[in-house]
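As a plain string of letters, each chain reads:
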Amino acid sequence: MIIKKLLTWATNRLATSSDSPELDAELILAKILKISRAQLLTRESDNLNAWQRWRFYHLIKQRARGCPVAYLIGYQEFYGHQFKVNKHVLIPRPESELLIEHAIRMIRANHYLRTVADVGTGSGSLAITLALELPHLKIIGCDISAAALKVAYQNAHLYNVTDRINLKHSDLLNLSKNEKIDLIIANLPYVTQKEYEQNPSLKFEPKIALLEQPDLFKKFCQQAASHLETRLIIIETSPLLINKWVNIAQTNWTNKLISTAVDLSQRPRFIIIDNQNQIT
């Protein structure tokens, strides 16, 4: 069967289970053929062999069951880069690109922010993006999942930043108090139980990286507050939880400047803690 007919079949097959069925089908087939999506669209009259057809049918059926495209093709675009992902890591979200933009703006405006801890690093997309954008930084990537850290190392190696990113197997920010950290960024689990149950596609991603856990944010705040030299903390959360998390933060950083920032939909998404009331 030629590519054009296969893509039409796949688009129809995904019409009720995907918001972008045509794009999903093209990305999956391009991955199988090891070509770019642009190249695929110039070869619509080409035939596929039996193995390629079987593989395509198999992945389209998985996508129809809700498996994210990123897991099927093995990567996710984030801040202009491709990051390897698998079932052990959370798929990087567009909202997290704003966290990166906040961090970059503040680092450039405050030259003394030179060491960064990325808590819950997962695929390493945040840490590696900062390393690529700001080569002077030294970054620690922390994660409780050893399997996730393997993916982060692969991505760090892919972008040749292993000399500037130190990946650590750690429960949140369980690091030595002597470890100097100027800036902490954190994308902690913030999906509520109700959201998790209502979105079947989330069940393909690691639950530990998604689902809000009792007292987890409180534990993070206690650990972060113990690093007295830390000047700035930027946290991504959910609009449903942000007021709760701000209240918890205020009990750990009394008389510190705690503000919030919105996402692209103008919903409160980020908590920014100026630990020394000096950030511009």
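Here's a quick rundown of the structure. (Residues numbered from 1 in each chain as written. Predicted model: local features only at pLDDT ≥ 70, side-chain atom pairs only at ≥ 80, totals over all residues. Heavy atoms only, no water.)

### Brief notes about the packing of aromatic side chains
Rule in force here: Working definition: rings of Phe, Tyr and Trp (its six-membered ring) pair if their centres are within 6.5 Å, and the pair is stacked with planes under 30 degrees apart, edge-to-face with planes over 60 apart, and tilted otherwise. Counting from the N terminus, the helices are DSSP H or I runs at least four residues long and the strands are E runs at least two residues long. Residue burial is assigned from relative accessible area. The probe radius is 1.4 Å, only protein chains are included, and a residue is buried under 20% of its type maximum, exposed over 50%, and partly exposed in between. Throughout this description, the term charge over a ring refers to an Arg CZ or Lys NZ atom that lies within 6 Å of the ring centre and within 35 degrees of the ring normal.
Considering all chains together, one arrives at 7 aromatic pairs under this definition. Taking the centre distance of 4.2 Å and the plane angle of 10° together, the rings of Phe217 and Trp245 count as stacked. Taken as a pair, Phe217 in helix H11 (residues 216-226) and Trp245 in helix H12 (residues 242-252) lie far apart in primary sequence, 28 residues in all. As far as the burial class goes, Phe217 and Trp245 line up, both buried. Among the aromatic residues, those joined into a cluster by ring pairs are Phe78, Tyr79, Phe83 and Tyr159. Sitting over the face of the ring of Tyr196, Lys203 holds its NZ or CZ atom 4.8 Å from the ring centroid. The side chain of Arg231 reaches across the aromatic face of Tyr112, ending 4.2 Å from its centre.

### Focus on unusual backbone geometry
Even without a glycine there, the phi angle at Tyr79 is positive, about 50°. Along the chain, Tyr79 turns up in the loop between strand E1 (75-78) and strand E2 (81-84). Of note in the backbone geometry, Asn160 takes a positive phi value of approximately 60° without being a glycine. Mapped onto the secondary structure, Asn160 falls in the loop between helix H8 (146-158) and strand E5 (165-169). Taking the relative accessible area as the measure of exposure, Asn160 reaches 63% and is therefore exposed.

### So, empty space enclosed by the protein
Let me state the cut-off plainly: Within this scheme a cavity is a closed region of a 1 Å grid, computed over the protein atoms alone, that accommodates a 1.4 Å probe without allowing it to escape, whereas a pocket is open but has protein on both sides within 12 Å along at least five of seven lines; lining residues each have an atom within 4 Å of a point. Grid points are joined across faces, edges and corners, and a volume is the space filled by probe spheres set on the points. Think of it as three bins: nonpolar holds Ala, Val, Leu, Ile, Met, Phe, Trp, Tyr, Cys and Pro, charged holds Asp, Glu, Lys and Arg, and polar takes everything else, Gly as well.
Tallied over the entire structure, the rule returns 1 cavity of 30 Å³ or more. Considered as a void within the structure, the largest cavity measures approximately 30 Å³ in volume. Taken together, the residues that form the lining of the largest cavity break down as 4 nonpolar, 1 polar and 1 charged.

### Quick word on the pattern of salt bridges
Formally: Only one rule defines a salt bridge in this text: a Lys or Arg side-chain nitrogen within 4 Å of an Asp or Glu carboxyl oxygen.
Taken as a whole and judged by the stated rule, the model has 10 salt bridges. One salt bridge in this structure joins Asp46 and Arg43, with 2.8 Å as the shortest N-O distance. Of the charged contacts, one joins Glu179 and Lys168 as a salt bridge, the two residues approaching to 2.9 Å between their closest N and O atoms. One end of the pair, Glu179, is in the loop between E5 and strand E6 (183-187); the other, Lys168, is in strand E5, with 11 residues separating them in the sequence. Exposure remark for Glu179: the relative accessible area of 23% places this residue in the partly exposed category. Bridged by salt links that share partners, the residues Asp263, Arg267 and Arg269 form one connected network.

### Digging into the pairing of E1
What counts, and what does not: The pairing criterion for strands is at least two bridges between them, as found by DSSP.
Direction of pairing for E1 relative to E2: antiparallel, over a ladder of 4 bridges. When the sheet's bridge partners are listed, Glu77 is paired in E2 with Gln82. Where E1 folds back on E2, the antiparallel hairpin that results is connected by 2 residues, among which Tyr79 adopts a positive phi of roughly 50°.

### Thoughts on H11
To keep things clear, this is the line we draw: Here, the arc refers to the directions that run from the helix axis to the C-beta atoms. Residue contacts are defined here by distance: any two heavy atoms, one from each residue, within 4.5 Å place the two residues in contact.
All buried positions along H11 are accounted for by Leu216, Phe217, Phe220, Cys221, Gln223 and Ala224. The buried residues of H11 all sit within an arc of 165° when viewed along its axis, so they share a single face. Looking at the buried positions of H11, the neighbouring elements they touch are strand E3 (115-119), E6, strand E7 (232-236), H12 and strand E9 (268-274).

### A few points about the side chain of Glu205
Keep this limit in mind: Under the rule applied, a polar contact is a pair of N or O atoms within 3.5 Å (in protein, one hydrogen donor and one hydrogen acceptor; residues adjacent in sequence only if both atoms are side-chain atoms).
Residue placement: Glu205 occurs in the loop between helix H9 (193-198) and helix H10 (207-210). Separated by 2.7 Å, the side chains of Glu205 and Arg93 make a polar contact. Not counting residues within four places of it along the chain, the set of residues in contact with Glu205 comprises Tyr71, Leu90, Ile91, Arg93 and Leu210.

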